[in-house]
Amino acid sequence: MKFKNLLLAAMPFLFASITSCSNDDSTTEETFNYTVPATYAFERNAVTSVDYSGQTSRLLMLDEMGNYFKTSATNGTVADDVVLSEMYLNTNNRFVGTDLNTSGKQLKDKTAASKDYFTLYLGGGSTAEQVSVRDLFETQFDNADLASQGATASAGVAGAYLDGTSKRLFAANGLEPQQVLLKGMMGACFMDQVVNNYLSLNKLDESTNRADNTAKVLVAGKSYTTMEHTWDEAYGYIYGADNLTVTPNVFKFWSSYINQVNADTDFNTLKGDIDLAFRKGRAAIVANDYAARDAQIDIIKAKLAMVPAVRAVFYLQEGKGKLATDNGAGAFHALSEGYGFIMSLRYTNKPGTNSPYFTKAEVDAMLASLTSGTNGLWDIDTLGPKLDAISTQIAAKFGFKVIQAATVD
Amino acid sequence: MKKILFILSFIAIVIACSSNDSSSSDGDNYDRTVLLTNWADNIIIPSYVNYQAKAQILVSDANTFVSNPTEVNLQTVRTSWIEAYKAYQYIAMYNLGKAEEINLNAASNTYPTNTIGIESNISSGSYDLSLLSQFDKQGFPALDYLINGLGADDASIVGFYATNANAANYKQYLTAVASKLKTNADAVVTDWNSGFRNSYVANNGTSVSSSVNKTTNLFVKNLEKDIRTGKIGIPAGIFSSGVVYPEKVEGYYKNDISKELLNVSVKASQDFFNGKHFNHTTTGEGLKSYLDFLNAVKNGQKLSDVINNQFAAIYDVNNTLNNSFSQQISTDNSKMIAAYDALQQNVIYTKLDMMQALKITIDYVDGDGD
């Protein structure tokens, strides 16, 4: 009887020891019993354990910065580079609501600031690059200021012009500072934070995170473990400014572009795949199923990288089709969007490599090619072949055809 | 039968767990006692003894200046201040035992110094330099202000100690700050020589509080926080979204010694890594030989070589810097960024690769916030 009890007591221990030592042995598999919720909702003791308010703040900040450019162009007021710099740094109460002003969050210190690329210098990153990227965004503020002084944009002249029904600001080289900022920051901040920071094992598993998560040691005063929160912060950089309680639903930044890519039958599983991977990964963390978590990380990294790739090709091709409109000016908005999405590719993270799909040098070469003509984009006669070459280069890397991305059907 | 099963189950556990984990809890058979002996006897204690001697000279020269405030005597204090400041760089990482207890580092080198607080202490003539709140009003940065920063030229600085209405208080403060450095040094040297050395060497295990773990953590932390962040990162605006702080460089009032202090501290760090005896060409056991013992490699190269090569790269970049970092920041901050990058690369090699190879856990956290 006593032995029987002892044996019974030893059995789970034996099982646990075999599974815990089986990491490098694929023949035995640990089984977990947990369900993946239908929406990204997780609770502990009847209180939500999901929190990404810091991410929401940053998304809203970028949104408001984008609107500042727009208002300036529409109303013909100066886009003050000082104001934009202060918004970027969140200083001097430049945002409309006090919530953002007092959030303690800013966009600038999270620009090119991921642990993997800009602390551990994986993927070719460095602090010098971080500084230059932040400077590049500051330059967009100067460009917008210059373009908003009343001139009409033309070859080599910064200014505004009416593009369809929207008045927009353009730098002397034809690039739209607003789009370089918005799409560029989606890469340098949001994408970088998601795939190279919060979904990095160096972040998720840093310090005692894994042991704490397994033991469900909660962050002081919170209802989540550090690892759960880290995962939520990745989620928040994609979906953090969405609002599904209003009609029509609001989707911002990556969430919005995931939808736009997904609207094309060639890519119509993308939205579901990313959404599911986030839910699965979060549930896996709750259940201490780290292998499942890691598999979801790879899915998210690969699928999310498709978004700037597909959208870059889409906009380059859209721009190409409009080169004959208004001496090319009709194309520049689309090309500026494409330019920003190409910038974003530098911050992707190809699963298993801890490096981007395109190196910084490759991305820089594509960007340089786009503006290599006399007066940049205004050199429309030479632009067509460049747009095709870059489109093909991106499509080939990600395994789709240019035509698939160019037409949403 | 059941008994046999029970025993078998434990055998299974042992086998299952030993196959993919070659390191036993007893460690890696590396002789930590020899390592700790070299660190204590040939590196740490001699570095402190040297620092103590330099602090003594500083106190003597400060006393001479105070009793006879001339420009010549001021210049002598300056020289001994620089020598002591450089000697300090060699002990800055050993925040152990008595040094940790008395906060020697914070008391010796908190910068930027609090000039308003210093002036307030001087005018009141009443202060207790052992208080935590006084750490930014003493040490080398406070002396920097007192002997380099009070006036625009030597004559006007001497005036504070000769003709100023409050000259007596200025004299008293200079003496007090210099003496504090010396008494702190004395306390640490005494501690090492009266028992701490033996307990340090005897604490040769692999636990979080073992001497090897603690000292190795201090080495990495010094490189990351004191050298990379303090000397370069903060003034160059790396932690303030590009807003630069040229007034936050080390040795701001003397102004032309930031680079020298940086290079000395990097040298101290590298020497420790290599187990090099203080002020000798001999090298003994150190992190380098420990890594080599473990055959630690990175990208097909010995990790110890990778780290030493990076130290060489750090000196190369540092050599492009102006002697005055505040000037460098104002004229071309990108060179400071490059110096930061070079240092950070070695933080990565040591904090990540080296600690992983040594199976030592980092015992301090980076509060990077959300």
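Counting of residues starts from 1 at the beginning of each chain's written sequence and follows it residue by residue. Both sets of labels track the order of writing: A upward for chains, 1 upward for ligands. A pLDDT threshold of at least 70 governs which residues receive local features in this predicted model, and a stricter bar of 80 or more applies before side-chain atom pairs are shown or counted, although totals over entire chains, interfaces and linings include all residues.

1. Examining the overall build of chain B
What counts as a helix is a DSSP run of H or I of at least four residues, what counts as a strand is a run of E of at least two, and both are numbered from the N terminus. The number of helices and strands found in chain B is 14 helices and two strands. When its C-alpha atoms are laid out on the principal axes, chain B stretches across 95 × 45 × 45 Å. Here chain B holds 370 residues, and the buried ones make up 45% of them. In chain B, of all internal contacts separated by at least 6 residues, the share reaching a separation of at least 24 is 74%. Exposed residues have 12 or fewer other C-beta atoms within 10 Å of their own C-beta, buried residues have 20 or more, and partly exposed residues fall in between, where C-beta atoms are placed from the backbone. What counts as a contact here is a pair of residues whose C-beta atoms, placed from the backbone, lie within 7 Å.

2. Focus on the overall build of chain A
The number of helices and strands found in chain A is 17 helices and four strands. At 24 Å, chain A has a C-alpha radius of gyration in line with the 22 Å of a compact globule built from 409 residues. C-alpha extents for chain A along the principal axes are approximately 95 × 45 × 45 Å. Within the span of chain A, comprising 409 residues, buried residues form 48% of the whole. Once local pairs closer than 6 in sequence are excluded, the contacts in chain A between residues at least 24 apart make up 64%. Atoms considered for the radius of gyration are the C-alpha atoms alone. The globule rule reads 2.2 Å times the number of residues to the power 0.38.

3. Regarding the packing of helix H3 (residues 71–89) of chain B against helix H11 (residues 258–274) of chain B
Residue and element names in this part refer to chain B. Note on geometry: axes are lines fitted to C-alpha atoms, helical ones only across the stretch in contact, with angles between N-to-C directions running from 0 to 180 degrees. Their axes nearest at 8 Å, the elements H3 and H11 cross at an angle of 35°. Read as a crossing pair, H3 and H11 show a hand that is right-handed. The residues of H11 that touch H3, namely those facing Tyr85, Lys86 and Gln89, are Leu261, Val264, Ser265 and Ala268. Under this grouping Gly is polar, as are all residues other than the nonpolar Ala, Val, Leu, Ile, Met, Phe, Trp, Tyr, Cys and Pro and the charged Asp, Glu, Lys and Arg. Broken down by class, the residue content of the contact of H3 with H11 amounts to four nonpolar, two polar and one charged. A crossing counts as left-handed when the near helix is turned anticlockwise from the far one by less than a right angle, and as right-handed when that turn is clockwise.

4. So, the environment of A:Ala73
All names here are of chain A. The topology assignment puts Ala73 in helix H2 (residues 53–75). Each C-alpha atom, one on Ala73 and one on Phe95, is 18 Å from the other, the two residues being 22 residues apart in sequence. Those residues in contact with Ala73 that sit more than four places away from it in its chain are Ala160, Lys167, Arg168 and Leu169.

5. Some details on the packing of helix H12 (residues 270–286) of chain A against helix H13 (residues 290–321) of chain A
All names here are of chain A. Direction vectors running N to C along H12 and H13 enclose 155°, while the axes themselves pass 8 Å from each other. Accordingly, the angle class assigned to the pair H12 and H13 is roughly antiparallel. The element H12 and its partner H13 pack so that their crossing is left-handed. Contacts between H12 and H13 involve Leu270, Asp273, Ile274, Ala277, Phe278, Lys280, Gly281, Ala284 and Ile285 on the former and, on the latter, Ala292, Arg293, Gln296, Ile297, Ile299, Ile300, Lys303, Leu304 and Met306. Here the residues of the contact of H12 with H13 are counted per class, giving twelve nonpolar, two polar and four charged. Note on angle classes: values under 35 degrees are labelled roughly parallel, values over 145 roughly antiparallel, values of 65 to 115 roughly perpendicular, and the remainder oblique.

6. With respect to the confidence of the model for chain B
Per-chain confidence: chain B averages 93 in pLDDT, with 92% of residues scoring 70 or above. Scored from 0 to 100, pLDDT reflects the predictor's confidence in each residue. In the predicted structure, residues 1–25 of chain B sits below a pLDDT of 50 and forms 23 contacts with residues beyond four places in sequence or in another chain.

7. Regarding the pairing of strand S4 (residues 166–170) of chain A
Think of it this way: DSSP has to see at least two bridges between two strands before they count as a pair. In this structure, strand S3 (residues 159–163) of chain A lies alongside S4(A), joined through five bridges in antiparallel fashion. Within the sheet, the bridge partner assigned to A:Ala160 lies in S4(A) and is A:Leu169.

8. Brief notes about helix H3 (residues 81–89) of chain A
Residues and elements named next belong to chain A. For H3, the full list of buried residues reads Leu84, Met87 and Tyr88. Taken around the axis of H3, the buried residues stretch over an arc of 100°, which confines them to a single face. Where H3 is buried, its residues meet H2 and helix H6 (127–147). Among the residues trailing H3, Asn90 stands out with phi positive, at a value near 50°. To be clear, the arc concerns the directions from the helix axis to the C-beta atoms.

9. Digging into the confidence of the model for chain A
Per-residue pLDDT for chain A has a mean of 93; in total, 93% of the residues score no lower than 70. Low pLDDT (under 50) marks residues 1–27 of chain A, which in the prediction has 25 contacts with non-local residues, meaning those over four places away or in another chain.

10. Here's the deal with the nonpolar core
In plain words, the nonpolar core is the set of buried Ala, Val, Leu, Ile, Met, Phe, Trp, Tyr and Cys residues that C-beta atoms within 7 Å link up. Membership of the largest hydrophobic core comes to 113 residues, with the highest contact counts inside it found for A:Met185, A:Val194, A:Val310, A:Ala312, A:Val313 and A:Ile342. Non-local contacts of A:Ala312, meaning those with residues more than four positions away in its chain, are made with A:Gly338, A:Phe341, A:Ile342, A:Leu345 and A:Ile394. Counting 95 residues, the second largest nonpolar core, distinct from the first, contains B:Ile91, B:Ala92, B:Tyr145 and B:Tyr340.

11. Observations regarding the environment of A:Thr91
Looking at the element boundaries, A:Thr91 is found in the loop between H3 and helix H4 (98–101). Sequence separation between A:Thr91 and A:Gln106 is 15 residues, and the spatial gap between their C-alpha atoms is 8.5 Å.

12. Regarding unusual backbone geometry
Look at the link from A:Thr247 to A:Pro248: it is a cis peptide, with omega at -5°. Mapped onto the elements, A:Pro248 comes out in the loop between helix H10 (226–239) and helix H11 (253–262). Along the chain, B:Tyr111 connects to B:Pro112 via a cis peptide bond; the corresponding omega equals 0°. The residue B:Pro112 is located in the loop between helix H5 (104–108) and helix H6 (115–124) in this model. Phi angles above zero are rare outside glycine, and A:Asn288 is one such case at about 60°. You can see A:Asn288 is positioned in the loop between H12 and H13.

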